[in-house]
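# Analysis of the macromolecular model
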Amino acid sequence: MTIDSVKPKIIDEKRENESLMTAQLKNGSCYWQAPEYIQHDKHPRFFLILTTLSVLIGLYALYTNNILFLVFIAIATFLIFEWSGRKPLILNFALNNEGIMVHDRLYSFKQYLAFSSIEISDDTHEFILRPKDRFRSNLKFPVPKEVLDGARAILIENLEEVTHDEVLPETIARLIKF
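Treat the numbers as computed from the prediction; the structure is a model and nothing was measured.

All chains considered together, the criterion is met by seven aromatic pairs. With centroids separated by 5.3 Å and ring planes inclined at 5°, the aromatic side chains of Trp32 and Phe93 adopt a geometry described as stacked. Note that Trp32 is positioned in strand β3 (residues 29-35) and Phe93 in strand β4 (residues 89-96), a separation of 61 residues in sequence. Of the two residues, Trp32 and Phe93, both sit in the buried class. Judged by centre distance (5.9 Å) and plane angle (70°), the ring pair of Phe127 and Phe141 falls under edge-to-face. Residue Phe127 is found in strand β8 (residues 124-131), and its partner Phe141 is found in strand β9 (residues 139-144); the two are separated by 14 residues along the sequence. Each member of the pair, Phe127 as well as Phe141, is classed as buried.

Structure, rendered in structure tokens:
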């Protein structure tokens, strides 16, 4: 399985992520480009609440004389601010009976037990591959509607389809649009 060796691009313009997706089916394989994640613009209130909570927790850490916790809060706050402003890269995806290639890395179906699918917009689904190894995280990737049926057919040939059970961190991330 090969993919055009195009480096990931950073989204420069303020456009809808779904409109950046391009897709095609060829010889039993699916190819598409999509942003690595759906970016949500953060309201200034998000940053105000984050700063307020961080200061309050930091004051508690000082009050209890827990300097390590204070350092942890400072680093976590900095990282959240940094990640919330990051623009997603546009990645190349290819899917066939060997596995899924994300940009230049192949994820073989042999590493996964099952897959599930959730609709994240009218134009896009997200497939989640569940690994055999308990210590690995799920592999999630967006799939545009143009290749949805072909991608699902390839996945069903190679993996069992299961329902997606959202875990608490996913629910929180979805609710705060992070």
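Further notes follow.
Before going further, it helps to spend a moment on the nonpolar core. Membership of the largest hydrophobic core comes to 23 residues, with the highest contact counts inside it found for Trp32, Leu95, Ile100, Leu129, Phe141 and Leu155. Broken down by secondary-structure element, the contributors of at least two residues to this core are β3, β4, β5 (99-102), β7 (112-119), β8, β9 and α3 (148-158). In terms of residue count, the dominant contributor to this core is α3 (four residues).

In this model, helix α1 (residues 44-63) (20 residues) spans 29 Å end to end at C-alpha, consistent with the 28 Å of a helix rising 1.5 Å per residue. Restricting attention to buried positions, one finds in α1 the residues Phe46, Leu50, Ser54, Gly58 and Ala61. On an axial view of α1, the arc spanned by its buried residues comes to 90°, and they lie on one face. Along α1, the residues that are exposed and aim more than 90 degrees away from the buried face are Pro44, Arg45, Leu48, Leu56, Leu59 and Tyr63. Taken together, the buried residues of α1 touch α2 (67-84). At the C-terminal side of α1, Asn65 shows a positive phi close to 60°.

Let us now look at the sheet that holds β8. In spatial order, the strands read β9-β8-β7-β10; together these four strands make up an open sheet with mixed pairing. Edge positions in the sheet fall to β9 and β10 (160-161), since each of these pairs with one other strand and no more. Relative to β9, β8 is paired through six bridges, and the arrangement is antiparallel. Pairing of His125 across the sheet is with Val143, part of β9. Together, β7, β8, β9 and β10 form the strand contacts of α3, whose direction differs from that of β8 by roughly 15°.

The rules behind these values
Residues numbered from 1 in each chain as written. Predicted model: local features only at pLDDT ≥ 70, side-chain atom pairs only at ≥ 80, totals over all residues. Heavy atoms only, no water. Phe/Tyr/Trp six-rings, centres within 6.5 Å; stacked < 30°, edge-to-face > 60°. Helix = DSSP H or I, 4+ residues; strand = E, 2+ residues; numbered from the N terminus. Buried < 20%, exposed > 50% of the residue type's maximum accessible area, 1.4 Å probe, protein only. Core = buried A, V, L, I, M, F, W, Y, C linked by side-chain atoms within 4.5 Å. Expected span 1.5 Å × (residues − 1). Arc of directions from axis to C-beta. Contact = heavy atoms within 4.5 Å. Pairing = 2+ DSSP bridges. Axes fitted to C-alpha atoms, helices over the stretch in contact; angles between N-to-C directions.

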